[in-house]
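The primary structure of each chain is shown beneath.
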Amino acid sequence: MLTVAPEIEALARFGRALADPIRCRLLLALREAPAYPSDLADALGISRTRLSNHLACLRDCGLVATVPDGRRTRYELADERLGHALDDLRTAVIAVETDRTCVEADVKGCC
């Protein structure tokens, strides 16, 4: 049975998912279209084992869902609104990158 996570927990899950570049790339790929693990592994240039671990994390965070398709399993975003949220975040990140206020960002690796 699925339960709706409280708002703060949902944001924390989304943040945890976005904390890894591979998971970001996976979410962006699934934003474009549902896909099979083998196709995702090939597109991202990573092993299927590594991909499986990242997909498990995204499933546990409630961001992706599996859809049985015969003997295969297809992955897709759990909610179409996640695609819109990713678009909004990408836009915000681009705005931040063009207006960096932290003068030590390159040295400290922050911001």
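Presented here is a report on the structure given in the accompanying data block. Note that the structure is predicted; figures quoted are calculated from it, not measured.

Quick look at the nonpolar core now. Counting residues in hydrophobic clusters, the biggest one holds 22 residues, and the most contacted among them are L26, L27, L30, L40, L51, L58 and L63. Those elements that place two or more of their residues in this core are α1 (7-18), α2 (21-32), α3 (37-44), α4 (48-60), β2 (72-77) and α5 (80-98). Residues in contact with L63, not counting those within four places in the same chain, are R13, F14, A17, L27, L58, E76, L77, A78 and L82.

Throughout the structure, instances matching the rule amount to five salt bridges. In this structure, R31 and D87 form a salt bridge, with 2.5 Å as the shortest nitrogen-oxygen distance. With a gap of 56 residues between them, R31 in helix α2 and D87 in helix α5 connect regions that are remote in the sequence. With a relative accessible area of 26%, R31 lands in the partly exposed category. Judged by its relative accessible area of 27%, D87 is partly exposed.

Calculation notes
Residues numbered from 1 in each chain as written. Predicted model: local features only at pLDDT ≥ 70, side-chain atom pairs only at ≥ 80, totals over all residues. Heavy atoms only, no water. Core = buried A, V, L, I, M, F, W, Y, C linked by side-chain atoms within 4.5 Å. Buried < 20%, exposed > 50% of the residue type's maximum accessible area, 1.4 Å probe, protein only. Helix = DSSP H or I, 4+ residues; strand = E, 2+ residues; numbered from the N terminus. Contact = heavy atoms within 4.5 Å. Salt bridge = Lys/Arg side-chain N within 4 Å of Asp/Glu carboxyl O.

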